[in-house]
Amino acid sequence: MILNMLFFFLLLSIEPLNTIQLDKIYNIIERHENRIYLASFFGKSIFVMDDSSKVQAITFTDDVNYRIRDFSVTPFAIYLNNGATLEKYYTASGIKEEIFAANDISSFIITPSEEVIIYDRYKHELVFLDFTYNIRLLISDLNIKDLYFADNIFYVLTNNELCLYDEHGNVIQNMDIPKKCTNLVVQDSTIIIFSSDEKYMYKRNGEWIKIELAHGIRDIVLTNNSLVILDENGTTLYFYSVSDF
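Reading the values: rules and limits
Residues numbered from 1 in each chain as written. Predicted model: local features only at pLDDT ≥ 70, side-chain atom pairs only at ≥ 80, totals over all residues. Heavy atoms only, no water. Helix = DSSP H or I, 4+ residues; strand = E, 2+ residues; numbered from the N terminus. Rg over C-alpha atoms; globule rule 2.2 N^0.38 Å. Areas by Shrake-Rupley, 256 points an atom, 1.4 Å probe, with all protein chains shown as cover. Lys, Arg positive; Asp, Glu negative; His and termini not counted. Charge placed at Lys NZ, Arg CZ, Asp CG, Glu CD. pLDDT = per-residue confidence, 0-100. Contact = heavy atoms within 4.5 Å. Core = buried A, V, L, I, M, F, W, Y, C linked by side-chain atoms within 4.5 Å. Buried < 20%, exposed > 50% of the residue type's maximum accessible area, 1.4 Å probe, protein only. Polar contact = N/O pair within 3.5 Å; in protein donor to acceptor, adjacent residues only side chain to side chain. Salt bridge = Lys/Arg side-chain N within 4 Å of Asp/Glu carboxyl O. Phe/Tyr/Trp six-rings, centres within 6.5 Å; stacked < 30°, edge-to-face > 60°. Lys NZ or Arg CZ within 6 Å of the ring centre and 35° of its normal. Pairing = 2+ DSSP bridges. Axes fitted to C-alpha atoms, helices over the stretch in contact; angles between N-to-C directions.

1. Here's the deal with the overall build of the protein
Now for step 1: Along its length, the protein carries one helix and 24 strands.
Now for step 2: Expected size for 245 residues packed as a compact globule is a radius of gyration near 18 Å; at 18 Å, the protein falls within 12% of this value.
Now for step 3: Summarising its shape, the C-alpha atoms of the protein cover approximately 55 × 40 × 25 Å along the three principal directions.
Now for step 4: Carbon and sulfur atoms form 48% of the exposed surface of the protein, whose accessible area is close to 12400 Å².
Now for step 5: For the protein, the centre of its 20 positive side-chain charges and the centre of its 34 negative side-chain charges are spaced 5 Å apart.

2. Describing the confidence of the model for the protein
Now for step 1: For the protein, per-residue confidence averages 90 on the pLDDT scale, and 95% of positions sit at 70 or higher.
Now for step 2: The low-confidence segment residues 1-12, where pLDDT is below 50, has eight contacts with residues more than four positions distant or belonging to other chains.

3. Overview of the nonpolar core
Now for step 1: If you look at the biggest cluster of nonpolar residues, it comprises 32 residues, and the most contacted ones within it are Tyr155, Leu162, Leu184, Met201, Ile220, Leu227 and Ile229.
Now for step 2: For this core, the element with the most residues is strand E19 (residues 190-194), which contributes four residues.
Now for step 3: Each residue touching Tyr155, except ones within four places of it in the same chain, is listed here: Asp146, Leu147, Tyr148, Ala150, Leu162, Cys163, Leu164, Leu184, Val186 and Ile191.
Now for step 4: The next biggest cluster of nonpolar side chains, apart from the first, holds 14 residues, and it includes Leu126, Leu142, Ile144 and Phe149.

4. Things to note about the side chain of Asn81
Now for step 1: Tracing the chain through its elements places Asn81 in strand E7 (residues 77-81).
Now for step 2: Here the side chain of Asn81 touches Ile105 through a polar contact of 3.0 Å, landing on its backbone oxygen.
Now for step 3: Apart from the residues lying within four places of it in its own chain, the contact partners of Asn81 are Arg67, Ile68, Arg69, Asp70, Leu86, Ile105, Ser106, Ser107 and Phe108.

5. Considering the pattern of salt bridges
Now for step 1: Per the stated rule, a full pass over the model turns up six salt bridges.
Now for step 2: Across the pair Asp104 and Arg121 runs a salt bridge, and its minimum N-O distance is 3.0 Å. Pair noted here: Asp104 is in the loop between strand E9 (96-101) and strand E10 (105-110) and Arg121 is in the loop between strand E11 (116-120) and strand E12 (125-129), with a separation of 17 residues, a long-range link.
Now for step 3: Asp104 gets classed as buried once you look at its relative accessible area, which sits at 17%.
Now for step 4: Notably, a salt bridge pairs Glu212 with Lys210, separated by 3.3 Å at the nearest N-O pair.
Now for step 5: Judged by its relative accessible area of 33%, Lys210 falls in the partly exposed class.
Now for step 6: Salt bridges sharing partners connect three or more residues here, namely Arg69, Asp104 and Arg121.

6. Focus on the packing of aromatic side chains
Now for step 1: Overall, the coordinates contain six aromatic pairs when judged by the stated rule.
Now for step 2: Summarising the aromatic geometry, the rings of Tyr26 and Phe47 are spaced 5.7 Å apart at their centres and angled 70 degrees between planes, so their arrangement reads as edge-to-face. Residue Tyr26 is found in the loop between strand E1 (18-21) and strand E2 (28-32), and its partner Phe47 is found in strand E4 (residues 45-49); the two are separated by 21 residues along the sequence. Here Tyr26 matches Phe47 in class, with each residue buried.
Now for step 3: Their ring planes at 80 degrees and their centres at 5.0 Å tell us that Phe60 and Tyr66 sit as a pair that is edge-to-face. Across the pair, exposure class does not vary: Phe60 and Tyr66 are buried alike.
Now for step 4: Ring-pair connections join several aromatic residues into one group, and the members of that group are Phe60, Tyr66 and Tyr89.
Now for step 5: We note Lys210 situated over the ring of Tyr200; from NZ or CZ to the ring centre the distance is 4.6 Å.

7. Some points on the sheet that holds E19
Now for step 1: Here four strands make up an open sheet; going across it, the order is E18-E19-E20-E21 and the pairing antiparallel. At either end of the open sheet lies a strand with only one pairing partner, and these are strand E18 (183-187) and strand E21 (208-212). Averaged over neighbouring strand pairs, the angle between their axes works out to 25 degrees when direction is ignored.
Now for step 2: Alignment of strand E20 (residues 200-204) against E21, held across five bridges, turns out to be antiparallel. Each bridged residue has a counterpart across the sheet, and for Met201 the counterpart in E21 is Ile211.

Here it is, written out as structure tokens:
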């Protein structure tokens, strides 16, 4: 009991390296080339944070009620998931095209080769699209919470485990998870699972460690050696050193 209490105290004593108060409420954060991108539940723009912590809008539609369920940034485009369609917005030309449509796209990832992997929650299917956006592989009967791609490994978070796949859809490894979580981020050997609005997360680097925080979590990204957390209100970014955990 004494050891458990000491461990809990040490986790709570971790202080952020920096905090940034945001000018509006955001729901999702992403990273690309060490820049932070932010999006609200609904809106016509994705926002990018510059080196001075100011945010600039990247407007992709005139519809202020466009639903932004998820998004991903690549060097020349932003992929947008509104739940019913996955769209690709070319930042240079301003052209937006539909990539895939389904009843319920809950999550997706873009690989470095611009292939797309989508989870269709309505059909319980993982859909692998090639670089021309044609279906090359389907894996059925899955109940998935979140997806992530890092170092040529495809991570799939379910209610009970974390599954690692190769690019061909072959299972490499299955890991038990300590508790049901809804979200996943990975960088190098660091794996973090968490649930929105909770004040804790689990980090795996050989074994799972529970990390308690003084604030809630809405979303997390890993960039370089920093862990960036959007708080439960969607109004503050907390920057931590990964090595502190």
